[in-house]
Amino acid sequence: MSETSAGLHRPQEFESVLSGSETSVANFEPERRTALQHAQQFLHSSPAAVPLIVLVASLVIFGAIIGGRFFSAFSMTLILQQVAIVGIVGAAQTLVILTAGIDLSVGAIMVLSSVVMGQFTFRYGLPPALSVLCGFAVGALCGYINGVLVSVMKLPPFIVTLGTWQIFLATNFLYSANETIRSQEIGAQAPLLQFFGETFKIGNAVFTYGVIAMVLLVALLWYVLNHTAWGRHLHAIGDDPEAAKLSGVRVRPMLVTVYVLSGLICALAGWCLIGRIGSVSPTAGQFANIESITAVVIGGISLFGGRGSILGMLFGALIVGVFSLGLRLIGTDPQWTYLLIGALIILAVAIDQWIRKVAA
Amino acid sequence: MSETSAGLHRPQEFESVLSGSETSVANFEPERRTALQHAQQFLHSSPAAVPLIVLVASLVIFGAIIGGRFFSAFSMTLILQQVAIVGIVGAAQTLVILTAGIDLSVGAIMVLSSVVMGQFTFRYGLPPALSVLCGFAVGALCGYINGVLVSVMKLPPFIVTLGTWQIFLATNFLYSANETIRSQEIGAQAPLLQFFGETFKIGNAVFTYGVIAMVLLVALLWYVLNHTAWGRHLHAIGDDPEAAKLSGVRVRPMLVTVYVLSGLICALAGWCLIGRIGSVSPTAGQFANIESITAVVIGGISLFGGRGSILGMLFGALIVGVFSLGLRLIGTDPQWTYLLIGALIILAVAIDQWIRKVAA
Amino acid sequence: QEPVTACLITKTDTNPFFVKMKEGATARAKELGVNLKSYAGKIDGDSESQVAAIETCIADGAKGLMITASDTKGIVPSIQKARDAGMLVIALDTPLEPADAADATFATDNRLAGKLIGQWAAATLGDKAKDAKIAFLDLTPSQPSVDVLRDQGFMEGFGIDVKDGNRIGDEDDARIVGHDITNGNEEGGRQAMENLLQKDPGINVVHTINEPAAAGAYEALKAFGIQDNVLIVSIDGGCPGVRNVADGAIGATSQQYPLQMAALGVEAIKTFAENGEKPKPTAGKDFVDTGVTLVTDKPAPGVESIDSKAGLGKCWG
Amino acid sequence: MSQILHETGVKPLLSARGLVKRYGRVTALDHADFDLYPGEILAVIGDNGAGKSSLIKAISGATIPDEGEIRLGDQVVNFKSPMEARDAGIETVYQNLALSPALSIADNMFLGREIRKPGVLGQWFRMLDRSAMERQARAKLTELGLMTIQNIGQAVETLSGGQRQGVAVARAAAFGSRVVIMDEPTAALGVKESRRVLELIQDVKKRGLPIVLISHNMPHVFEVADRIHIHRLGRRLCVVDPKQISMSDAVALMTGATQPPTDALAA
Amino acid sequence: MSQILHETGVKPLLSARGLVKRYGRVTALDHADFDLYPGEILAVIGDNGAGKSSLIKAISGATIPDEGEIRLGDQVVNFKSPMEARDAGIETVYQNLALSPALSIADNMFLGREIRKPGVLGQWFRMLDRSAMERQARAKLTELGLMTIQNIGQAVETLSGGQRQGVAVARAAAFGSRVVIMDEPTAALGVKESRRVLELIQDVKKRGLPIVLISHNMPHVFEVADRIHIHRLGRRLCVVDPKQISMSDAVALMTGATQPPTDALAA
Ligand SMILES: Nc1ncnc2c1ncn2[C@@H]1O[C@H](COP(=O)(O)OP(=O)(O)OP(=O)(O)O)[C@@H](O)[C@H]1O
Ligand SMILES: Nc1ncnc2c1ncn2[C@@H]1O[C@H](COP(=O)(O)OP(=O)(O)OP(=O)(O)O)[C@@H](O)[C@H]1O
Ligand SMILES: [Mg+2]
Ligand SMILES: [Mg+2]
């Protein structure tokens, strides 16, 4: 092993044999794949499949138990109406959770925006369209505050939104002075605010514009998340923010954008909320954060970010809707619904874990 | 670079010069440390110092504004009484959060245990002492369910406890049939259940046994966490579970133990709750999870596990108590309290982050 | 001399009913020179916050406190502490259990309020009352006493056998389509109405626990296009509710008087602080009845009522 | 500006002067200098913690130095993010790889420089051209002869460590237009895999691109480097020519066993 | 049981037969065998992904193999956790170190084998004897001459990569009573730091303990190993004697360029 400059610019001797080595990378294939493994493989590659299957199964089961009262176009569209708000808020929550964050303040932003839309119209006499815009602006501002605290100050999203949840909610109560604006007044003076509550029928099926808004929003976000660079970047951030930054994703501005977008979607939910309950009430939407997280979790989206499909969230919300209506129609105590939804949440992640483990 | 067997068992030639290399490891010390850096260093090394400082500062400020009505032995001990339940539940939460988990079901376990203590005595006529034991058993069981789902099934704690929260709460309502057991009855037939509500006076200071229980519990856990192997292992698990496992910590049984312990502590909180509100009410404790997490966060314990002191949690709970009582005595709208506590949460982590960043 | 301090503790500070109660108390306190502090729970059922509030009042050296208890049994020991500290305790709106745990109770007769709308609904339907289909939109799963009193009062008024008068849900009258819970807000009202309509689309009478729930129910009926075939009755008498009566969304509502309750309470505390005199209950009842009036624009024979214009003059919120 | 060990007249393509970076109490870079000339392979060697990674992070925009100046060609540059450095033609393989585990190989290779569909779909709906990206990714990987991956759409997390390293190196080699930087690309690799990476480095050099290679493997360094930058205690100690110095001497300098001769010292 | 390349009569201290470990679709160990004789340094070499880490994880209790048998001395052992392997005297330095960043050096060294205070405090209150642990930790680190750490109470996260590796190696060397296993202990280390670790390995051997060393660095392997276990495609391909085989031949075997002679083949 004497070292001379002649030895430079030449590989070490033992490396010369490499030219003869096998060129294939070590590659282990399982002996044979069972049907179960095939199923796992399929479920692994399509993250929204499990919630879809659960949804269909629960529809069938409740349909079999309850019969036509449940299994009608009318009932089905009723579930859609009941789920619309959670579905829209869930879309906002999905964006945030895909970046490995969490937004506990969604419900507070929603109700604050709806209150602004109502109060700006009735307290200050602004034209409804302008008030709606102001509501969106407030939603965006709330989201911006969350986004800056998370991305620029680098604070954990759970804690940031735990704090802003209380702040936005208190602001809502202080600003609104707890005043409800009546449905009849809104209907008479500012029907635009109730736009998303308007219904139309196709046969027995009854739709509201709120339902349409939810479906379009989810479809749009699905497209954006899966077919644009922005969507890929969002997944990359949730996957590993450091890696995303180093491979050229502008993490900070992206995160701010995501939270602002989440705020805007919550404002949209606030507008739909006025349509749904008719009036503007500062006490509405108290459980929107838990309900939206529940939809996301049952929809198979990972709380650690980067994995899952927004369609799964929609199915998750619908599963909760089917259970709620189904159990009420059977006539069980409402507490049984909570109990079952709790079990469903745990089951959903357990299945998800199982698929991931075996099909890794 | 000819290779002969004579060359074996000898270092490569270029490595022979190493004997002359500097023996010190590269060591950078800052030119000079400012007072600020010294302060950061101190705060970094004692994680409970910041909340303690904030606590003292808020006591002084409220004392200055409100005067003797606030700054009296009576008021000070009143804060302790009001904080006792949150402090005890916060101790359970601290254990779980130190393992990088989170327990959303603490409040539900607490109230379910208290209902079991009450109903077992009054519905089935068990001796109160036995009912209390049953309450503890139920708390331990709930914790065991959480623990098994988290450690054996390897599901994320947030989702597990989101699910069990709803399950335990619904069980509580279904089992209790929403019945409150009146204080008078308990006082007459089973005063043991109200044990932790009994007061004793030292001068103007009024203490309940619940307060004593909280202080002793926190002191005990502080000792266990810092001066026993078990405590060190718990920190190691929160820090990096994989590393902990490989360096010889029994992660799975430890995690189950932690959740069971958390359940037991919640049962203790349930017992204290009976003492505090006098009666056994299935609707109590709805906010215990959020309040305990708030105390933990303000106390400077990292939600990512492994870092922070249980004393910080106690100070965090007291800070919230001081703010609540202080603002109520000033007579502000309660919503301002929520708003300020929200801001306090964000401030607390921001400070924590700053200390960690600069003193790293 | 230091001004008299009085405390007002409500179930929440977000429900308009309590907001107005607070306004009434504040206004009267200002007139009388009483220093009023108000507290509330975070949500309906949050008894711990109320306990903490009572303790604060004791620490604050208040002369009296008014409370709408979230947990009418559970709060009693804390109330006792306040009384031991020499305070006058007045239960507002919701009687404590036992009622004599407080020095006085200023309340609406909730069973009567329910009975009035029950009678009105029965009278308005006339013969059709025999095969009415009734939906009950209740408050929460825990059946708090207001819920029970109003619900069972309505049944008495309508002519339904209530069985156990202290329990909702043990009735077996075929006219009852079902009960669902609303949490007393619009959202819950709408969803509960939808669920019950799903059970039986022929519902024609809806008893609602309060006016926000009624407003939500009305939205649901409107979406089903059957709002004109259904009678909604409610209890509260808040201004939005009375206007809903005027607009025909609510058929009839029993109006209660929270501002007056609170104002009377403040006066009682002031009197007590000055000469130690405690308020006396209304003759024939074990509480000070602050009155209840049926408000409707379609008066029914045999049920005394005022119209919405008169109701609007006395409404709150 | 001294032009160490290089023919006078040729200007450095990428250079840095007086870079300082502090992390709390640690000074990772202590007035470090750096020069990379066109077409060369520059190795950077030094003890653990000497500040090599910090140096290339500062140069590639991954961290912003507290002090100092960086020049690309004739211009002073101030990269605020890795994106900006990339846009200026500097591609980096970081010590910790910087791949997104759940994204596919193609997605990873094109992260931050996605190709959109032509026409309305791409311009208005900003739709990604998946097939074009996959085609190009496959072409680049094949061209570099680095690996045999069946499915270009499979997630990076399903690849072996060696394959992942391959993807990262291929990405840098394929897209770097002015400079390619590699931080310990062979640290976790086996003999065979390391050899492939070294061959790749020489391929990239043949395409005329200069390369910065950080490595602890002396035989590798002496095999491929044109010049060796020795980093010590947060700064450039000296630059040596592997043809004129033995490995022993380089190691002695790097570990502080000897002091550099004055003529090799940096400015 | 063939006793490959070892005097007949001496029994292996630690051996494994037919180990199988599957991860989903990947078979990391495919009927792998293993033998370690008393007092020897056994190197394990192989391509990336050959299954070396999986092998030592199975032996040290970090994973439970799906099939196969492990013997320590004469006994069949079934380690359910790293703790059990440790209690049996097998200490391991894992590829990813396995230190807890927020705990101190002393806490890390004694994790899972803490010393309690003597008397009532320790027995009843289970109080840790901090000063004893710190004293012993310092003594062990100094004895092994591995490093110059000022403060034994400082958190591991404040140490450099080399220092951390040092703590992990020192822990294994200090507490291993029957076998010490090291998985790529020098992969991220500089020349100087690597040398220290190699010296340490030889020190441990002098104390009579057998060592398993996984490494991709051929010169290092050939310098210290008594026997070389060549791992390929999830199983032991053969065991060779570094005194009788050249590096080139070993690399050729490892990468599949040549097939092993039949007499070196494992059972
Ligand atoms: N993000 C950071 N935060 C705190 N300290 C850091 C950070 N990055 C690097 N350092 C410190 O800066 C010094 C230089 O680190 P750097 O990673 O540049 O060394 P290196 O020469 O690349 O070492 P190696 O050969 O081990 O990769 C080290 O002491 C390290 O601990
Ligand atoms: N926990 C795991 N889950 C899934 N696959 C795994 C896991 N651990 C190892 N593998 C797979 O098993 C195979 C063998 O891995 P192993 O880490 O044992 O290889 P190695 O020889 O140590 O490689 P290297 O030299 O890169 O460290 C690889 O294909 C790897 O991807
Ligand atoms: Mg480095
Ligand atoms: Mg390995």
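Here the structure is shown first, and the text comes after it.
These numbers were taken from a predicted model, which means no experiment stands behind them.

Caption draft 1: Up close: the sheet that holds strand S5 (residues 104–107) of chain C. Residues and elements named next belong to chain C. Read from one edge to the other, the open sheet built from 6 strands follows the order S2-S1-S3-S4-S5-S11, with strand pairing classed as parallel. The sheet terminates laterally at strand S2 (35–41) and strand S11 (288–289), the two strands that pair on one side only. Where strand S4 (residues 88–92) lies against S5, 3 bridges are found, and the strand directions are parallel. Directly across from Ile90, in S5, lies its bridge partner Ala104. Against the sheet, helix H9 (residues 258–275) touches strand S1 (5–12), strand S3 (64–67), S4 and S5, its axis set at about 170° to S4.

Caption draft 2: Structural context of the relation of the copies chain B and chain A. Note on the identical chains: chain B maps onto chain A by a rotation of 180° and an axial translation of 0.1 Å, with an RMSD of 0.1 Å. Classification of the inter-copy transformation places it as that of a two-fold axis. In this assembly the copies share their binding face: 100% of the residues contributing to the interface of chain B also contribute to that of chain A.

Caption draft 3: Main features of the interface of chain B and chain A. Contacts between the two partners involve 45 residues from chain B and, on the opposite side, 45 residues from chain A. Buried area between chain B and chain A, summed over both chains or domains, comes out near 4000 Å², and the portion from carbon and sulfur atoms is 77%. Applying the counting criterion to the chain B and chain A interface returns 2 residue pairs in polar contact (both at pLDDT 80 or more). Every element with two or more residues in the side of chain B that touches chain A is listed here: helix H6 (157–176), helix H12 (288–298) and helix H14 (334–359) of chain B. Looking at which element gives the most residues to the side of chain B that touches chain A, the answer is H6 of chain B, with 13 residues.

Caption draft 4: Spatial organisation of the sheet that holds strand S3 (residues 41–45) of chain E. Residues and elements named next belong to chain E. One open sheet holds the 6 strands; their spatial order is S6-S7-S8-S3-S9-S10, and the pairing between them is mixed. Across the chains shown, the open sheet's two edge strands, defined by having one partner strand only, are strand S6 (90–93) and strand S10 (235–240). Geometrically, the sheet is characterised by an average inter-axis angle of 20° between neighbouring strands, direction not taken into account. Relative to strand S7 (residues 179–183), S6 runs parallel, the two being bridged by 4 bridges. What sits directly across from Val93, in S7, is Met182. Its contacts with the sheet place helix H7 (residues 191–206) against S3, S7 and strand S8 (211–214), and it is angled at close to 160° to S8.

Caption draft 5: Region of the structure containing the nonpolar core. In this structure, Phe70 and Phe158 of chain A, Phe70 and Phe158 of chain B together with Leu65 and Met193 of chain C are the most contacted members of the largest nonpolar core, which totals 277 residues. Those residues within four positions of Phe70 of chain A in sequence are excluded, and the remaining contacts are Leu59, Phe62, Gly63, Ser75, Met76, Ile79, Val322, Leu325, Gly326 and Leu329 of chain A. The next biggest cluster of nonpolar side chains, apart from the first, holds 29 residues, and it includes Phe34, Ile59, Ile70 and Leu72 of chain D.

Caption draft 6: Region of the structure containing the environment of Ala132 of chain E. All names here are of chain E. Mapped onto the secondary structure, Ala132 falls in helix H5 (residues 130–143). On the accessibility criterion, Ala132 (6% relative accessible area) is buried. Sequence-wise, Ala132 and Glu184 are 52 residues apart; in three dimensions their C-alpha atoms are separated by 31 Å.

Caption draft 7: Inspection of the site of ligand 1 at higher detail. Residues and elements named next belong to chain D. Neighbouring ligand 1 are 14 residues, the closest being Asn48, Gly49, Lys52, Ser53 and Ser54. One of the backbone nitrogen or oxygen atoms of Ala50 is found 3.3 Å away from an oxygen atom of ligand 1. Ser54 is positioned with one of its side-chain polar atoms (N or O) 2.6 Å from an oxygen atom of ligand 1. Protein chains bury 69% of the 630 Å² of accessible surface belonging to ligand 1 in isolation. Counting residues per element, the shell around ligand 1 draws most heavily on helix H1 (residues 52–59), which supplies 3 residues. Across the shell around ligand 1, the residue classes tally to 4 nonpolar, 7 polar and 3 charged.

Caption draft 8: The arrangement of the site of ligand 2 in detail. Residues and elements named next belong to chain E. Contacts to ligand 2 come from 14 residues, most closely from Asn48, Gly49, Lys52, Ser53 and Ser54. A distance of 2.9 Å separates an oxygen atom of ligand 2 from a polar backbone atom of Gly51. With respect to ligand 2, the side chain of Ser53 contributes an N or O atom lying 2.7 Å from an oxygen atom. When ligand 2 sits alone it has 630 Å² of accessible area, and the protein chains cover 69% of it. Considering only residue class, the shell around ligand 2 consists of 4 nonpolar, 7 polar and 3 charged.

Caption draft 9: Just the packing of aromatic side chains, in detail. Applying the stated criterion across every chain, the model contains 29 aromatic pairs over all chains. Each ring, one from Phe62 of chain A and one from Phe70 of chain A, has its centre 5.8 Å from the other, and the planes form 45°; the classification is tilted. Between Phe110 of chain E and Phe175 of chain E, the ring centres sit 5.4 Å apart and the planes meet at 80°, which makes this aromatic pair edge-to-face. Within this pair, whereas Phe110 of chain E is found in the loop between helix H3 (105–109) and helix H4 (119–123), its partner Phe175 of chain E is found in helix H6 (residues 161–175), the two being separated by 65 residues in sequence. Residue Phe110 of chain E is classed as buried on the basis of its relative accessible area, which comes to 2%. Among the aromatic side chains, those forming a connected cluster through ring pairs are Phe136, Phe195, Phe196, Phe200, Phe207, Tyr209 and Trp271 of chain A. Note that Arg123 of chain A overlies the ring of Tyr175 of chain A, its terminal NZ or CZ placed 4.5 Å from the centroid. If you follow Arg113 of chain D out to its NZ or CZ, it ends over the ring of Phe175 of chain D, 3.9 Å from the centre.

Caption draft 10: Expanded view of the state of the cysteines. All names here are of chain C. Here the structure, examined in full by the defined rule, presents 2 disulfides over all chains. The disulfide bridge from Cys7 ends at Cys57, spanning 2.2 Å between sulfur atoms. Its S-S torsion of about -125° marks the bond between Cys7 and Cys57 as left-handed, since a negative value means left-handed. Highlighted residues: Cys7 in strand S1 and Cys57 in helix H2 (residues 47–60), separated in sequence by 50 residues.

Caption draft 11: Just empty space enclosed by the protein, in detail. In the structure shown here, the tally under the stated rule is 13 cavities of 30 Å³ or more. Of the voids in this model, the largest cavity is the one considered here, and its volume is about 510 Å³. Taken together, 31 residues make up the lining of the largest cavity; nearest its centre are Ala187, His216 and Asn217 of chain D together with His216 and Asn217 of chain E. Going through the elements one at a time, helix H7 (191–206) and helix H8 (218–224) of chain D together with H7 and helix H8 (218–224) of chain E are the ones with two or more residues in the lining of the largest cavity. Per-class residue counts for the lining of the largest cavity are 12 nonpolar, 15 polar and 4 charged.

Reading the values: the criteria
- Residues numbered from 1 in each chain as written.
- Chains lettered and ligands numbered in written order.
- Predicted model: local features only at pLDDT ≥ 70, side-chain atom pairs only at ≥ 80, totals over all residues.
- Heavy atoms only, no water.
- Pairing = 2+ DSSP bridges.
- Helix = DSSP H or I, 4+ residues; strand = E, 2+ residues; numbered from the N terminus.
- Contact = heavy atoms within 4.5 Å.
- Axes fitted to C-alpha atoms, helices over the stretch in contact; angles between N-to-C directions.
- Least-squares fit on C-alpha atoms with pLDDT ≥ 70 in both.
- Buried area = accessible area lost by both parts, 1.4 Å probe.
- Polar contact = N/O pair within 3.5 Å; in protein donor to acceptor, adjacent residues only side chain to side chain.
- Core = buried A, V, L, I, M, F, W, Y, C linked by side-chain atoms within 4.5 Å.
- Buried < 20%, exposed > 50% of the residue type's maximum accessible area, 1.4 Å probe, protein only.
- Near = heavy atom within 4 Å.
- Areas by Shrake-Rupley, 256 points an atom, 1.4 Å probe, with all protein chains shown as cover.
- Nonpolar A, V, L, I, M, F, W, Y, C, P; charged D, E, K, R; others polar.
- Phe/Tyr/Trp six-rings, centres within 6.5 Å; stacked < 30°, edge-to-face > 60°.
- Lys NZ or Arg CZ within 6 Å of the ring centre and 35° of its normal.
- Disulfide = S-S within 2.5 Å.
- 1 Å grid on protein atoms, 1.4 Å probe; cavity = no way out; pocket = protein on both sides within 12 Å on 5 of 7 lines; lining within 4 Å.
- Points joined across faces, edges and corners; volume = space filled by probe spheres on them.

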